[in-house]
Amino acid sequence: MKSTAGNTGGIQKKKMNGYVGFSNYPNQVHRRSVKRGFNFTLMVVGESGIGKSTLINTLFDSKIFPDREEMPPSAEPVKGVDVTSMSADIQENGVKLRLTVVDTPGFGDSINNEDAWQPILENIESRFDAYLAQENRVNRSKISDNRIDAVIYFIKPTGHCLRVIDIEFMKRLHTKVNLIPIIAKADTLTAGELELFKAKILADINYHGIQIFKPVSDEFDDPETVADNREILSKIPFAVIGSEKHVERPDGTPVRGRRYPWGIIEVENEEHNDFIKLRQMLLRSHMEELKDTTDMVLYENYRTQKLLSMGHVQDNNVFREFNPLVQMEEEKRAHDGKMQKMEAEMSGVFQQKVNEKEAKLKQSEEELYARHKEMKSVLEKQRSELEEKKKRAEASARPITPMEQQHPTKGKKKNIFSGF
Ligand SMILES: Nc1nc2c(ncn2[C@@H]2O[C@H](COP(=O)(O)OP(=O)(O)OP(=O)(O)O)[C@@H](O)[C@H]2O)c(=O)[nH]1
Ligand SMILES: [Mg+2]
């Protein structure tokens, strides 16, 4: 059968008469993915004590990061930025998730934070490199994907504009990773201060041309999803609070939150902070899109740049749409060209042979002519000799005049026949 891939011109809509079963395909995909489980790799960046571990534990409602008291005492505080990672297998409703959280202790803690982004960028790129190396292997059946799907960047709740370190970090990393900036410890600012702070942050991000991850809707989204996305978008950058501890509401129900002399702040209360919207985007609605953007946009760009810098070139011919008619036309043109070339070559050879024959004929003609001329001149010479002889013979056979009789020897020529 002839392939017609890419030749979509002739595709028609057909009505089916009954149920055949392919509409069950999404369920098959669902079952297979659930069986395999999922990976999600999240990086947290922010200065020490800003609430990174607390927020991750609050997000996943489990002790991903142990309490400080439980952590082994480190001998010496690390100088500069370190990158550490920890993985945990978590399960919810039978769905397995291998969560990897990459921490960046030391970021923003030095007096000079000029290059604090550097080790983090290197780490993100080295994960891309590792993936690229695996893709280029002959056997690609077991590729482990350690690429960072998103970076949660913790902005200090100062209430002013973004700091140089924040801008520098985001500018250096926004093309390599999905950036999710959040205002940490939002409970330290009032609602009015937060609103103003958010506007300033967005203005700075726009001014510096930094691209952050935002949920986008398209024509295929249902109205509910479009509304949800709009809601999430309106809260960016999310102002969040983290707490693993439970506090009691005035009615006695325990909730995760923070207690203040004037009352409590609840983590999962949209009136109090944007934790719910962050969690919704990150885990409930856009986890796949984060992974997709990482794979298809951010990694793809990195890969292209890397391969080009290594001297690889793209052969765009392979991407041409396949059209059998065009292909046949092209093949015919190529064939005609080949025939014309062969014909020209053959007539060239023929002409050359004719020329050679002509030259040979001419040469032998000249030779013949020369021989003919030579023979002619020999004959001419013989003829004139004979003529001469004849003349002489005639002269000697003439009768003797009276003069010759009186002086028989005077004026007498030697007779050629005198010897006889
Ligand atoms: N007020 C307030 N305090 C918080 C919040 N989140 C965390 N904290 C407190 O801040 C302190 C530091 O929190 P961590 O989560 O350990 O901070 P970290 O960023 O992981 O710190 P390092 O691991 O040292 O980099 C703890 O005492 C937390 O209880 C928050 O949203 N609001
Ligand atoms: Mg921590």
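The rules behind these values
- Residues numbered from 1 in each chain as written.
- Chains lettered and ligands numbered in written order.
- Predicted model: local features only at pLDDT ≥ 70, side-chain atom pairs only at ≥ 80, totals over all residues.
- Heavy atoms only, no water.
- UniProt positions renumbered as here; feature names shortened; annotations may be inferred.
- Pairing = 2+ DSSP bridges.
- Helix = DSSP H or I, 4+ residues; strand = E, 2+ residues; numbered from the N terminus.
- Contact = heavy atoms within 4.5 Å.
- Axes fitted to C-alpha atoms, helices over the stretch in contact; angles between N-to-C directions.
- Patch = residues over 30% accessible without salt bridge, like charges linked within 9 Å, V, L, I, M, F, W, Y side chains within 5 Å.
- Areas by Shrake-Rupley, 256 points an atom, 1.4 Å probe, with all protein chains shown as cover.
- Salt bridge = Lys/Arg side-chain N within 4 Å of Asp/Glu carboxyl O.
- Parallel < 35°, antiparallel > 145°, perpendicular 65-115°, else oblique.
- Left-handed = near helix turned anticlockwise from the far one by under 90°.
- Phe/Tyr/Trp six-rings, centres within 6.5 Å; stacked < 30°, edge-to-face > 60°.
- Buried < 20%, exposed > 50% of the residue type's maximum accessible area, 1.4 Å probe, protein only.
- Core = buried A, V, L, I, M, F, W, Y, C linked by side-chain atoms within 4.5 Å.
- Expected span 1.5 Å × (residues − 1).
- Bend = angle between axes of the 7 residues up to and from the residue.

For the chain, the name recorded in an unreviewed UniProt entry is Cell division control protein 3, with Coemansia guatemalensis as its organism. Quoted verbatim from the Sequence similarities (unreviewed entry) field of the UniProt record, the comment on the chain reads "Belongs to the TRAFAC class TrmE-Era-EngA-EngB-Septin-like GTPase superfamily. Septin GTPase family."

Caption draft 1: Here's a closer look at the sheet that holds strand β3 (residues 95-103). Taking strand neighbours across the sheet as the criterion, the six strands line up as β2-β3-β1-β4-β5-β6 in an open arrangement whose pairing is mixed. The open sheet has two edge strands with one neighbour each: β2 (84-92) and β6 (238-239). Pairing between strand β4 (residues 150-155) and strand β5 (residues 179-183): five bridges, direction parallel. Bridged to Y153 within β5 is P181. Running at roughly 165° to strand β1 (residues 38-45), helix α3 (residues 117-135) makes contact with β1, β2, β3 and β4 of the sheet.

Caption draft 2: Region of interest: a nonpolar patch on the surface. Among the surface-exposed residues, M16, V20 and F22 lie close enough to one another that they form a single nonpolar patch of about 350 Å² accessible area. Checked against the element boundaries, M16 lands in the segment before α1 (25-36).

Caption draft 3: Spatial organisation of the packing of helix α6 (residues 223-235) against helix α7 (residues 275-285). Taken N-terminus to C-terminus, the directions of α6 and α7 make an angle of 130°; their axes are 9 Å apart at the nearest point. Accordingly, the angle class assigned to the pair α6 and α7 is oblique. Classified by chirality, the crossing of α7 by α6 is left-handed. The segment α6 lies against α7, with D228, E231, I232 and K235 engaging K277, Q280, M281 and S285.

Caption draft 4: Representation of the sheet that holds strand β7 (residues 246-248). The antiparallel open sheet is built from three strands, whose spatial order is β7-β8-β9. Each of the sheet's edge strands pairs with one partner strand only, and the pair in question is β7 and β9 (263-266). Mean inter-strand twist for the sheet, computed between neighbouring axes without regard to direction, equals 65°. In this sheet, strand β8 (residues 254-260) lies alongside β7 in antiparallel orientation, the contact comprising three bridges. Bridge assignment links H246 to a residue of β8, and that residue is R256.

Caption draft 5: Highlighting the packing of aromatic side chains. Tallying each qualifying case throughout the model produces seven aromatic pairs. Between F107 and Y153, the aromatic rings sit 6.0 Å apart at their centres with planes inclined by 85°, giving edge-to-face as the arrangement. Linking F107 in the loop between β3 and α3 with Y153 in strand β4, this pair joins segments that are 46 residues apart in sequence. Take F107: its relative accessible area is 2%, and that puts it in the buried class. Between Y260 and W262, the aromatic rings sit 4.8 Å apart at their centres with planes inclined by 0°, giving stacked as the arrangement. W262 gets classed as exposed once you look at its relative accessible area, which sits at 59%.

Caption draft 6: Expanded view of the nonpolar core. F169 and I180 are the most contacted members of the largest nonpolar core, which totals 72 residues. Leave out the neighbours within four places in its chain, and F169 touches V45, F107, W117, I120, V151, Y153 and L179.

Caption draft 7: Region of the structure containing the environment of L42. Among the secondary structure elements, L42 is positioned in strand β1. Each C-alpha atom of the pair L42 and A150 lies 5.3 Å from the other, and the pair is 108 residues apart in sequence. Filtering out sequence-adjacent residues up to four positions away, L42 remains in contact with I56, F60, T100, V101, V102, A150, I152 and L282.

Caption draft 8: How the structure looks around helix α8 (residues 287-309). Helix length check: α8 (23 residues) gives 31 Å between terminal C-alpha atoms against 33 Å at 1.5 Å per residue, within 8%. At Y299, α8 shows its strongest bend, of approximately 35°. Among the residues making up α8, those that are buried are M287, L290, T293, T294, L298, Y299, Y302 and L307. Residues of α8 that are buried make contact with β1, β3, α3, β4, β5 and α7. Directly beyond the C-terminal end of α8, a positive phi value near 95° is found at G311.

Caption draft 9: Representation of the pairing of β3. Pairing geometry for β1 and β3, over seven bridges, is parallel. Within the sheet, the bridge partner assigned to F38 lies in β3 and is L97. Note: β2 against β3, nine bridges, orientation antiparallel. Looking at the pairing, S85 lines up with V102 of β3.

Caption draft 10: Looking closely at the environment of V247. In this structure, V247 sits in strand β7. For V247 and R258, which are eleven residues apart along the polypeptide, the C-alpha to C-alpha distance reads 6.7 Å. The contacts of V247, once residues within four sequence positions are left out, are T253, P254, V255, G257, R258, R259 and I264.

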